[in-house]
Amino acid sequence: EGVKVGLMFTLSGPAAALGEQGRNGFQLAVAQMGGLGGMPAEVVVVDDEQKPDVAANKARELVERDNVDFVVGPIFSNILMAIHKPVTDAGKFLISPNAGTSNFAGADCNPNFFVTSYQNDQSHQVMGAYAQSQGFQNVFLMAPNYQAGKDSLNGFKRSYTGGVVAEVFTPLGQLDFSAELAQIAAYQPDAVFTFMPGGMGVNLVKQYRQAGLENIPFLSAFTVDESTLPGQKDAALGFLAGANWAPDIDVPESKAFVAAYEAAYGAVPGSYAMQAYDAAQLIDSALRKVGGDMSNADALRSALEAAEFKSLRGKFAFGNNHYPIQNFYLTQAIKRDDGKYQTSIVQTIFEDYQDTYAADCKMK
Amino acid sequence: MSVVLSAQGLRKSYGALTVTDNLSLDLHQDELLAVIGPNGAGKTTLINQLSGQLRPDAGRVVLAGRDISDQSMAQRVHLGMARTFQITSILPGFSVLENVALAVQARSGSSFRFFRAAAGQRRLNDAAMAHLAEVDLDADAQRRAADLSHGKQRQLELAIALATDPHILLLDEPLAGTGGAEAARLVALMQRLKARHSILLIEHDMRAVFALANRIAVMVYGQIIATGTPDEIRANPRVRAAYLGQESV
Amino acid sequence: MRLMGRDLVALLLFAGFAAVPLLANLLQDPFLLVIATRMLAFAIAAMGLDLVLGYGALVSFGHAAYLGIGAYAVTILMRLGVYDIGLHLLAGIAAAVVFAVGTGAVSLRTRGVYFIMITLAFSQMAYFFFVSFSALGGDDGASLPQRSTLFGHDLLENDLWLFWLALGLLIGLFLVCRAIVGSRFGRVLCGARENPQRMQAIGFVPFGYQLTAYVISGAITSIAGVLLANQAEFVSPALMNWHRSGELIVMVVLGGIGTLSGAIAGAVLALLLEETLAGFTQYWKLWFGLFLVGIVLFAPGGVQGLVARIKLQIGSRR
Amino acid sequence: MLRVEGLHAGYGASQILFGIDLQISEGEAVTLLGRNGMGKTTTIKALFGLIPSTGGRVLVDGADLTHAAPHVLAQSGLGLVPEGRQVFPTLTVEENLRATARPGGHWNLARIYDLFPRLHERRRNMGTQLSGGEQQMLAIGRALMTNPRLIVLDEATEGLAPLIRADIWACLRRIKDEGHAILVIDKNVDALSALADRHIVIEKGRVVWQGSSAQLMANPDVKDRFLHV
Amino acid sequence: MTNLFLLQLLNGAQLGVLLFLIAAGLTLIFGIMDFINLAHGVLYMVGAYVMASFAMLTGSFWLALGLTVPAMLICGLLLEFTVFRALYARSHLDQVLATFGLVLVISEGVKILWGSAPLTVPMPDLLSGSVGLIGPLKYPVYRLAILVVGLASALGLYVLITQTRIGMLLRAGASNREMVSALGVNVGRLFAMVFAFGAMLAGFAGAIVAPILSVDTGMGESVLILAFVVIVIGGIGSIRGAFMGALLVGVVDTMGRSFGPIVLRMIMEPAAAGQLGRTLAPMLVYILMAAILFARPAGLFGRRAE
Ligand SMILES: Nc1ncnc2c1ncn2[C@@H]1O[C@H](COP(=O)(O)OP(=O)(O)OP(=O)(O)O)[C@@H](O)[C@H]1O
Ligand SMILES: Nc1ncnc2c1ncn2[C@@H]1O[C@H](COP(=O)(O)OP(=O)(O)OP(=O)(O)O)[C@@H](O)[C@H]1O
Ligand SMILES: [Mg+2]
Ligand SMILES: [Mg+2]
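For the structure given in this document, a descriptive report is provided here. If you're wondering where the values come from, they're calculated on a predicted model, not measured in any experiment.

Analysis parameters
Residues numbered from 1 in each chain as written. Chains lettered and ligands numbered in written order. Predicted model: local features only at pLDDT ≥ 70, side-chain atom pairs only at ≥ 80, totals over all residues. Heavy atoms only, no water. Helix = DSSP H or I, 4+ residues; strand = E, 2+ residues; numbered from the N terminus. Buried < 20%, exposed > 50% of the residue type's maximum accessible area, 1.4 Å probe, protein only. Contact = heavy atoms within 4.5 Å. Areas by Shrake-Rupley, 256 points an atom, 1.4 Å probe, with all protein chains shown as cover. Lys, Arg positive; Asp, Glu negative; His and termini not counted. Charge placed at Lys NZ, Arg CZ, Asp CG, Glu CD. Donors = N, O, S within 2.8 Å, 3.2 Å for Na, K, Ca; no water. Disulfide = S-S within 2.5 Å. Pairing = 2+ DSSP bridges. Axes fitted to C-alpha atoms, helices over the stretch in contact; angles between N-to-C directions. Near = heavy atom within 4 Å. Polar contact = N/O pair within 3.5 Å; in protein donor to acceptor, adjacent residues only side chain to side chain. Phe/Tyr/Trp six-rings, centres within 6.5 Å; stacked < 30°, edge-to-face > 60°. Salt bridge = Lys/Arg side-chain N within 4 Å of Asp/Glu carboxyl O. Buried area = accessible area lost by both parts, 1.4 Å probe. Nonpolar A, V, L, I, M, F, W, Y, C, P; charged D, E, K, R; others polar. Parallel < 35°, antiparallel > 145°, perpendicular 65-115°, else oblique. Left-handed = near helix turned anticlockwise from the far one by under 90°.

Before going further, it helps to spend a moment on the overall build of chain D. Regarding its fold elements, chain D presents 10 helices and 10 strands. Among the 229 residues that make up chain D, the fraction classed as buried is 60%. Across chain D, every contact between residues at least 6 apart in sequence was considered, and the portion connecting residues at least 24 apart equals 65%. Counting only carbon and sulfur atoms, one obtains 51% of the accessible surface of chain D, whose full area is about 8,300 Å². Once the 25 positive and 24 negative side-chain charges of chain D are each reduced to a mean point, those two points are 3 Å apart.

Here you go:
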């Protein structure tokens, strides 16, 4: 008798690096805790291939065939949209270690759905608030043209009321940003805010510096982080980002985690790994609380809601919508003495911050 | 004899090269008109324009008094014109029978029929077999056309043209590549076809040409330099110089 | 004789499918039905593609667009309050026909690789259109509130019924396609593949036939889209990404082009491999890739080619 | 120089050749005769390694080249003018001639253009834009440009006008007089008799008759039986 | 505004040259040898990864580049020997299937070897920094270098294909292998060499662009389609066409992105213009291709077959 967890991450294609962090973070936690909730844990890992229809099927397979007790995943919002219904309809718990869309935070919140990361808009709001606090008047906004890109710029503008010189949407997967960089050079804005995950972010950051624009502050979210820094290296140094954690956060458990992760996987963990680690701790804590008895779903849910574990972020609590209430920071890319790159906390922007959609959530 | 097909002032050039140069030619009812001329004279280009494969730069193609210059190749087939190609053009993956049956189908009924199996349609197959027998290919009916030897493919080429049930046949070197026995059979076949069809024949086999033709037109550098009965042409010194040489005809 | 062999493969596949519910019962694994339904949908799509690709030599690299069109027909109609699967199928087919007539007429001006690329271009346009269509979820896609209804009943909520519907559609469409390729129309289509010049010289204008085939093919593939939407209860533009178009081509070639039943076999084989390999190793794509290379190198003609060779072997031994 | 012994070959499952024997000495002209579909072209293909032979041997100057690749046979001195011309469609006339040329012999561009002035006029045209006869000239010119010791012509004069045909025969005679060997297939049996030293008649993949021109002329029933002329 | 326009034109041309550099090897293998090689993109990716590794090992850009080129040549020979050799005579669809399989194998292999985090190649000092153009606008030296390399490879390929016997033999061999071989040319060896050369070009492109683009497992796939688009727009088999196609795609894409919204805003209300602009931008290249193929079914410089 043990607990069975299905992990669904993007493990192939260009974004595999993110999924691997999530998978590694979770598995590291399970290994360190010797199971979950004091029980042996069986972890089934599946690859969603970043294709929603594939993901929807695999999610069904996890709950219907493998009969897992929890599904942990995914990285991407569109995958979350696809797997949410099959998992929650089956009465299983879905814990998202990264994607946190606004609909599930608000009107569509679900008792069986928990998020250990953030609501998607929040990191962008952090940067908006920072831009506001710096008194910027002309900010250049840029994001890829898809839902998450649009959300990010809206998030930024929610806490930034200054002027916007231009709002540029680039095609998804664009390689060369010279046209946009020329526009930036022509506008000479106070700052640039962007959201360019994955390879796009690597390209943009390198080309940004090569174009000689580094004296214009570069604000971003999910663009300069531990998943992209190995590709950006020196080009990203000093670039700012909003996040709920950084490897150098002053939490002893986190320091230990970073060391253990680097030892095990040879790379600096990012928030994807951290949030998955916390997801494992969350399950662990809840199982302990119910004494390993998963037959009573309501009890298990209450145990999850209590979130009685030592988050790597320090303080952590769930809001009414099962999204976290946590601190958000301004981070900066740095080079460590050992030559590796990571983000580092500059200042706290929001404390105990809850997303703005929680009010719409009528959790039954 | 009435004119069934006439080329009027056809001109076609590729860059500086004028391949048919203001060329006019009449094909009469139930005659076999042979067009001969050196390589590259423009004979195939003439057929291409008559059949609609090529648009002339200037000039008209008139079929039984009707200007068909604007009609497509397919439309001209439905008006009763068929052609063969000098460079064999068959459906290589089809069986020999299917090649011909498809040509029969082109002139009989709509081909926008989706459900009844074509393979079993007796009407198509029987007609096709009859045409194959005419060119002596009935024994090869079930073979894949691509697997036929070159000479037999040439025979198939002719059978396909016949199967569209034309009044007018434009034949581009039908004897090329066929050996003695087969050539003789084909000559005999054309002799028979002459009675029912108007034929424009391009051929470098002079024995066949002089045996078959009612009239011969000689084409050199895109122009007709002489037209006449076989005897007239045989005797024409310009034709000898430009084309026939010492060939005994 | 050749036809017999192909039909045999199809019969075996259908029988195999029909046994799935029993198997699912025996193995206590209802999920088999879900997998099988997905296979059926892709089999329909691949068979639709084979109609133009195999018989018309028109390599459409944009057939995923029709999957998307079918799937979005379901989403849109459901948002309008229409739940009946018959209407979904009709709407999907109608939309596919409109799209196919428009893009097909333009695409058929080109040949060969140009045709491949222009069909890709149109499907990419459709893809990006739905990516930026926020009301339908844009890039994220959206879940369906429920499955389509059948004569007003929500029978299809039951995986078994959906499976039988898909199997019924596959068999029906197979018979339709089989009749089409053997018909007068099918002959002309194949003839245009073999030698368009010769076809014109015997009085056919290939364009009309090819366009008709392209439209039929698109319509069939859109039916698969309707099924996929119902099966996953989720619709997103990823369904019409060029990867999908590529996968459909892979399925057809894997099974053996121009055989219909080969396309079905290819779809089944591809999904089966994916399903099983993924269970063994995280690097299943590596093995899948090796398998594809191996098939081309050592078994040209795909599944059907293999079957034909085995038959030849048996025949010559007798 | 060329010796073929008991050659067997076919396409896939269907066997076409059942033991063809032939030999050609330096400077000799030999013809292959036979009705349509009897295996003449197949013999050439098997000889050149274009289809695999399933039995027998092919020897060039005593060296066994039975299973050698086509280019090895070509390099050993064989030049091919294939049935159906097969000029390279995406190359210009001049490129067609130059692409596979092997310099060092009698033939060069100037000489080819001399032989076929028509090709010179059309030298910048693409291969497929030529008339049928011009393509045939090009195919012959292309083979000559490899300066072969034995030139093999499959349907040597198909589609050529009488004057050119006469030129070709004259040209072949010249080649022969220069000491090169010739293997030729053509339907003009009379012209061939004037040119060739020996004739080989093939029927259903077997050699059914061999002899000199004189013997062929003297034996009308050979023509009658095997060639039906 | 005119300044920006000129600069964007330059940017467009530069993107075009970058695309040509990537497409150059494809032109050779697909355009000339008529072999559909979907694995071209992953070879480009492998080139970038190999370059990144050598750069890490040697610490020198130039040394790494010098090592990457022969390494990719060997890689190409190896692939040719094991897989491609058997595919020349096959149909395009078989080639698609097999090379699609190779894409999976190589991508997965790269992930196993190098992991999935993006890598980088530092820019050589000699070529870093930017030069001033007009006003505050600057231009990176490295991109100018890419421009030069791209033009040089275009010219080199043009000479190779149109002026040399190898070029003729390639074109001849692509249409009729048997005949070329029967005329005494060892087509197998020739194709192997040229194929390896094409692979090397792909790898070289990957190595060269590594300092400005992300070296990740998705890089091959994202350019593959674009490279095909470029070649098809130009007309298959024409180097000149591929080059013009690349420039056209680069310029249209860049100009469309930067000035499209402005133009749209002049003819419709801003919100709708923004929405439409965003929808159209990623489609632009495809619309361009469809339009060109509509007007000229065999591309800009392609010869109409038949
Ligand atoms: N598309 C083209 N572009 C350029 N020149 C062409 C084209 N098509 C044909 N030609 C040229 O036009 C001339 C006439 O060609 P055509 O095929 O009509 O000759 P022909 O009289 O049939 O010769 P043959 O007896 O050799 O078949 C030739 O010199 C040929 O090279
Ligand atoms: N590719 C092929 N596949 C299968 N069978 C073939 C193939 N090519 C030729 N054949 C068959 O092989 C036999 C010999 O053909 P071949 O081409 O050698 O004849 P040939 O003597 O050259 O005739 P022709 O004078 O008509 O050119 C014929 O029966 C033919 O149908
Ligand atoms: Mg001609
Ligand atoms: Mg022959």
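So, on to the coordination of the magnesium ion (ligand 3). In the first shell of the magnesium ion (ligand 3), the protein supplies Thr 44 of chain B (OG1) and Gln 86 of chain B (OE1), at 1.9 to 2.1 Å from the metal. Of this pair, Thr 44 of chain B sits in helix 1 (residues 43-51) while Gln 86 of chain B sits in the loop between strand 6 (81-83) and helix 3 (96-106), placing them 42 residues apart in sequence.

This next bit is on helix 6 (residues 165-175) of chain E. Considered for burial, the residues of helix 6 of chain E that qualify are Gly 167, Met 168, Leu 169, Leu 170, Arg 171, Ala 172 and Gly 173 of chain E. As for helix 6 of chain E, its buried residues are in contact with helix 3 (93-99) of chain D together with helix 1 (2-32), helix 5 (141-163), helix 7 (177-182) and helix 8 (187-209) of chain E.

Time to look at the state of the cysteines. Residues and elements named next belong to chain A. With the rule as written, the count across this model stands at 1 disulfide over all chains. A sulfur-sulfur distance of 2.0 Å marks the disulfide that ties Cys 109 to Cys 361. An S-S torsion of about 85° defines the bridge between Cys 109 and Cys 361 as right-handed. One end of the pair, Cys 109, is in the loop between helix 4 (102-105) and strand 5 (113-115); the other, Cys 361, is in the segment after strand 13 (341-353), and 252 residues separate them in sequence.

All names here are of chain D. The sheet built from 6 strands is open, its strands ordered 6-7-8-3-9-10 with mixed pairing. The open sheet terminates on both sides in strands that have one partner only, identified here as strand 6 (78-81) and strand 10 (206-212). The mean angle between the axes of side-by-side strands here comes to 15°, regardless of whether they run parallel or antiparallel. Pairing of strand 6 with strand 7 (residues 150-154), which is carried by 4 bridges, proceeds in the parallel orientation. Looking at strand 7, one finds that Leu 80 is bridged to Val 152. The strands that helix 1 (residues 40-47) touches are strand 3 (29-33), strand 6, strand 7, strand 8 (181-185) and strand 9 (198-203); relative to strand 8, the one it contacts most, it runs at about 140°. The sheet contacts of helix 6 (residues 132-144) involve strand 6 and strand 7, and relative to strand 6 the element is tilted by about 170°.

In the vicinity of ligand 2, 18 residues are found, and the nearest of them are Arg 143, Asp 147 and Gly 151 of chain B together with Thr 41 and Thr 42 of chain D. Chains contributing residues to the immediate surroundings of ligand 2 are chains B and D. Within the contact set of ligand 2, an oxygen atom lies 2.9 Å away from a backbone nitrogen or oxygen of Gly 39 of chain D. Thr 42 of chain D is positioned with one of its side-chain polar atoms (N or O) 2.5 Å from an oxygen atom of ligand 2.

In this description, a pair of aromatic rings is defined by centroid distance and the angle of the planes. Following the criterion strictly, the structure yields 47 aromatic pairs over all chains and no others. Seen from their ring centres, Phe 140 of chain A and Tyr 187 of chain A are 6.1 Å apart, and the 45° between their planes marks the pair as tilted. Of this pair, Phe 140 of chain A sits in strand 6 (residues 138-144) while Tyr 187 of chain A sits in helix 7 (residues 178-187), and the two are 47 residues apart along the sequence. Centre to centre, the rings of Tyr 72 of chain C and Phe 130 of chain C are 4.0 Å apart; their planes meet at 10°, and the pair counts as stacked.

The subject of this paragraph is the site of ligand 1. Taken together, 22 residues lie around ligand 1, and Lys 43, Thr 44 and Thr 45 of chain B together with Ser 131 and Gly 133 of chain D are the ones closest in. The residues that come close to ligand 1 belong to more than one chain, namely chains B and D. Here an oxygen atom of ligand 1 sits 2.4 Å away from a polar atom, N or O, in the side chain of Thr 45 of chain B. Within the backbone of Gln 129 of chain D, one N or O atom sits 2.9 Å away from a nitrogen atom of ligand 1.

For the coordinates displayed, the defined rule picks out 58 salt bridges over all chains. We note a salt bridge from Asp 147 of chain B to Arg 144 of chain B, for which the minimum N-O separation is 3.6 Å. Classification of Asp 147 of chain B as partly exposed rests on a relative accessible area of 43%. Glu 247 of chain C is the partner of Arg 244 of chain C in a salt bridge, and the nearest nitrogen-oxygen pair spans 2.4 Å. Placement of both Arg 244 of chain C and Glu 247 of chain C in helix 11 (residues 242-255) is noted, with a separation of 3 residues, approximately one turn of the helix.

In this section: the interface of chain E and chain D. Contact with chain E, which involves 18 residues of that partner, is made by 23 residues of chain D. Interface area for chain E against chain D, summed over the two sides, is near 1,900 Å², with a carbon-plus-sulfur share of 60%. There are 1 salt bridge connecting chain E and chain D. A salt bridge links Arg 171 of chain E to Glu 95 of chain D; the shortest N-O distance between them is 3.1 Å. In this structure, the connection of chain E to chain D is made through 8 residue pairs in polar contact (both at pLDDT 80 or more). Broken down by secondary-structure element, the contributors of at least two residues to the side of chain E that touches chain D are helix 6 and helix 7 of chain E. The element best represented in the side of chain E that touches chain D is helix 6 of chain E, accounting for 6 residues. Here the residues of the side of chain E that touches chain D sort into 8 nonpolar, 6 polar and 4 charged.

Let us look at the packing of helix 5 (residues 150-163) of chain B against helix 6 (residues 180-196) of chain B. All names here are of chain B. For the pair helix 5 and helix 6, interaxial distance at closest approach is 12 Å and the crossing angle is 15°. In terms of orientation, helix 5 lies roughly parallel with respect to helix 6. Considering how the two elements wind past one another, helix 5 and helix 6 form a crossing that is left-handed. For the pair helix 5 and helix 6, the contacting residues are Gln 155, Leu 158 and Leu 162 in the first and Glu 182, Leu 186, Leu 189 and Leu 193 in the second. The residue makeup of the contact of helix 5 with helix 6, split by class, is 5 nonpolar, 1 polar and 1 charged.

Attention shifts here to the interface of chain C and chain E. Listed by partner, the interface residues are 39 residues for chain C and 44 residues for chain E. Summing both partners gives a buried area of about 3,700 Å² for chain C against chain E, and 80% of it is carried by carbon and sulfur. Together, Arg 109, Tyr 114 and Val 296 of chain C form the three largest contributors to the area buried by chain C at its contact with chain E, with a combined 19%. The interface formed by chain C and chain E includes 0 salt bridges. Taken together, chain C and chain E are joined by 6 residue pairs in polar contact (both at pLDDT 80 or more). Broken down by secondary-structure element, the contributors of at least two residues to the side of chain C that touches chain E are helix 6 (112-131), helix 11 and helix 13 (284-298) of chain C. Considering every element that reaches the side of chain C that touches chain E, the biggest residue donor is helix 6 of chain C, with 11 residues. Split by residue class, the side of chain C that touches chain E holds 30 nonpolar, 6 polar and 3 charged.

What follows is about the pairing of strand 10 (residues 240-243) of chain A. All names here are of chain A. Residues of strand 10 alternate between two faces, with Leu 240 and Gly 242 on one and Ala 241 and Ala 243 on the opposite face, all of them buried. With 4 bridges joining them, strand 10 and strand 12 (residues 324-335) adopt antiparallel strand pairing. Of the residues in strand 12, the one forming a bridge with Leu 240 is Gln 332.

All names here are of chain B. Strand order across the open sheet formed by 4 strands is 2-1-4-5, with antiparallel pairing between neighbours. Pairing within the sheet leaves two strands with one partner each, and these edge strands are strand 2 (17-28) and strand 5 (66-67). Bridging between strand 1 (residues 3-14) and strand 2 involves 8 bridges; their strand directions are antiparallel. Looking at strand 2, one finds that Leu 10 is bridged to Leu 23. Strand contacts of helix 1: strand 1, strand 2 and strand 4 (58-63), with the helix running at about 120° to strand 1, the strand carrying the most contacts.

All names here are of chain D. Counted residue by residue, strand 9 has 5 buried out of 6 residues, so it is predominantly covered. Sheet topology note: the strand 3/strand 9 ladder contains 4 bridges and is parallel. When the sheet's bridge partners are listed, Thr 31 is paired in strand 9 with His 199. Relative to strand 10, strand 9 runs antiparallel, the two sharing 6 bridges. Looking across to strand 10, one finds that Ile 200 is bridged to Gln 210. The loop that links strand 9 with its antiparallel partner strand 10 comprises 2 residues; one of these, Lys 204, has a positive phi angle of about 45°.

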